Amino acid sequence: DTAVSQTPKYLVTQMGNDKSIKCEQNLGHDTMYWYKQDSKKFLKIMFSYNNKELIINETVPNRFSPKSPDKAHLNLHINSLELGDSAVYFCASSQDLVPAGTQYFGPGTRLLVL
Amino acid sequence: AQSVAQPEDQVNVAEGNPLTVKCTYSVSGNPYLFWYVQYPNRGLQFLLKYITGDNLVKGSYGFEAEFNKSQTSFHLKKPSALVSDSALYFCAVSDTSGTYKYIFGTGTRLKVLA
C-alpha cells in the first residue's frame, strides 16, 4: 500500500501550458505539503495545508495554486508553465502541524518544461 | 531565522568503515532535527529525529545521530557502512518558533565503495 502517492510520475510539456499534479495520502494525516527539488537537489517548501486550510505559502509565483479538496488530497495546479518550473515536485504529509512531526514523502513528479 | 548547513557535497567511505555525514543548524527556539535519505528517483525517507532527551538518537538501517547543543550540530553516523547506504542524505531543522516548516540542508551524497 502506497502511503503517499503522486500522479503523474513524469510530465513533459511545452512552455505556456497549464498542468496539474495530484497527491493522495492514505495515512490519515491532517497536514500535507508541496516541495520543489531543483536540478541541484535543493529542496524547498512551497505550500502546506492543515485540515484543508492553507498554512504555509512560501514566495511562490501565483501561477502555482494548491487545492485541497479533503484532508487526504492536495493537488498542485501550475498555469503558464515556464522553463524554470522544470524540477521534481514532492508531496508529503505529517500527522499534524507540530514542528516535531515526521514527514512522509511521495515518490515525486518529474516535470520537464520544453 | 532557521538555517541548516551540510558542509560536504559528497562523502566517500569504504564498505565496512564508519561513516559520518555532518550537519550544523541555527534556530531561534528549541531545535527539532531530522535526517532523511533519498535513493535515486525516489522520495525522501525518514531516518531519525531529535526532539528532546538523550543526545544520541538511533534510527533506521543502523544509523544514529548525536545532538550537540554547544556545537549546534547533529551529525549522522553509522559504525559500518554498506554499499547499499549510498544515497543522498538531507538534514532538516524545525523549531518551536511557530513557523511550522522544515528547512532542509543542501544534501550530502554518500558513496560507499566496495
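Just so it is clear, the structure is predicted and the values come from calculations on it, not from any experiment.

(A) Local environment of the overall build of chain B. Along the backbone of chain B there are zero helices and 12 strands. Starting at the N terminus, the α and β elements of chain B follow one another as β-β-β-β-β-β-β-β-β-β-β-β. A compact globule built from 114 residues would reach a C-alpha radius of gyration of about 13 Å, and chain B, at 14 Å, matches this within 12%. By principal-axis analysis of the C-alpha atoms, chain B measures approximately 45 × 30 × 20 Å. The 114 residues of chain B split such that 46% are buried.

(B) Fine view of the pairing of strand β4 (residues 31–37) of chain A. All names here are of chain A. In terms of burial, β4 is a largely internal element, six of the seven residues being buried. As defined by bridge partners, β4 adjoins strand β5 (residues 43–50) across seven bridges and the pair is classed as antiparallel. From the neighbouring strand, K36 faces β5, where its bridge partner is K44. Between the end of β4 and the start of β5, which pair antiparallel, lie five residues, with K41 showing a positive phi angle near 75°.

(C) Main features of the interface of chain B and chain A. Across the boundary between the two partners, chain B contributes 22 residues, which contact 20 residues of chain A. Summing both sides of the interface, chain B and chain A together bury roughly 1800 Å²; the carbon and sulfur share of this comes to 61%. Across the chain B-chain A interface, the total number found is zero salt bridges. Of all the secondary-structure elements, those providing two or more residues to the side of chain B that touches chain A are β5 (31–38), β6 (44–50) and β10 (87–95) of chain B. In terms of residue class, the side of chain B that touches chain A is made up of 11 nonpolar, six polar and five charged.

(D) Representation of the nonpolar core. By size, the foremost hydrophobic cluster in this structure holds 28 residues, and its most contacted members are B:W35, B:L47, B:L48, B:F74, B:L76 and B:Y89. Looking at this core, the elements with two or more residues in it are β2 (10–14), β3 (19–21), β5, β6, β8 (64–68), β9 (73–78), β10 and β12 (108–113) of chain B. For this core, the element with the most residues is β10(B), which contributes four residues. Beyond its immediate stretch of four places on either side in the chain, B:Y89 contacts B:Q6, B:W35, B:Y36, B:V37, B:L47, B:F63, B:L76, B:G107, B:T108 and B:L110. Among the nonpolar cores identified, the runner-up in size contains 20 residues, and A:I21, A:M46, A:L74 and A:I78 belong to it.

(E) Region of the structure containing the environment of A:S48. All names here are of chain A. Relative to the helices and strands, S48 is located in strand β5. When its relative accessible area of 0% is taken as the criterion, S48 is described as buried. Distance from S48 to S93, taken between C-alpha atoms, is 8.9 Å for residues 45 residues apart in sequence. Ignoring sequence-local partners within four residues, the contact set of S48 consists of M32, Y33, E53, L54, I55 and I56.

(F) Local environment of a nonpolar patch on the surface. Taken together, A:V12, A:L112 and A:L114 make up a surface patch of nonpolar side chains, about 270 Å² in accessible area. Tracing the backbone shows A:L112 in strand β11 (residues 109–113).

(G) Examining the packing of aromatic side chains more closely. Residues and elements named next belong to chain A. Under the definition given, this model contains 17 aromatic pairs over all chains. Relative to F105, the ring of Y35 lies with its centre 5.3 Å away and its plane at 40°, an arrangement referred to as tilted. Here Y35 is found in strand β4, whereas its partner F105 is found in strand β10 (residues 104–105), with 70 residues between them in sequence. According to the relative accessible area criterion, F105 is buried, its value standing at 10%. For the ring pair F64 and Y89, a centre distance of 6.3 Å and an interplane angle of 35° mean the geometry is tilted. Pair noted here: F64 is in strand β7 (residues 64–70) and Y89 is in strand β9 (residues 87–94), with a separation of 25 residues, a long-range link. Considered together, F64 and Y89 belong to a single accessibility category, that of buried residues.

Each value, and the rule that gives it
- Residues numbered from 1 in each chain as written.
- Chains lettered and ligands numbered in written order.
- Predicted model: local features only at pLDDT ≥ 70, side-chain atom pairs only at ≥ 80, totals over all residues.
- Heavy atoms only, no water.
- Helix = DSSP H or I, 4+ residues; strand = E, 2+ residues; numbered from the N terminus.
- Rg over C-alpha atoms; globule rule 2.2 N^0.38 Å.
- Buried < 20%, exposed > 50% of the residue type's maximum accessible area, 1.4 Å probe, protein only.
- Pairing = 2+ DSSP bridges.
- Contact = heavy atoms within 4.5 Å.
- Buried area = accessible area lost by both parts, 1.4 Å probe.
- Salt bridge = Lys/Arg side-chain N within 4 Å of Asp/Glu carboxyl O.
- Nonpolar A, V, L, I, M, F, W, Y, C, P; charged D, E, K, R; others polar.
- Core = buried A, V, L, I, M, F, W, Y, C linked by side-chain atoms within 4.5 Å.
- Patch = residues over 30% accessible without salt bridge, like charges linked within 9 Å, V, L, I, M, F, W, Y side chains within 5 Å.
- Areas by Shrake-Rupley, 256 points an atom, 1.4 Å probe, with all protein chains shown as cover.
- Phe/Tyr/Trp six-rings, centres within 6.5 Å; stacked < 30°, edge-to-face > 60°.

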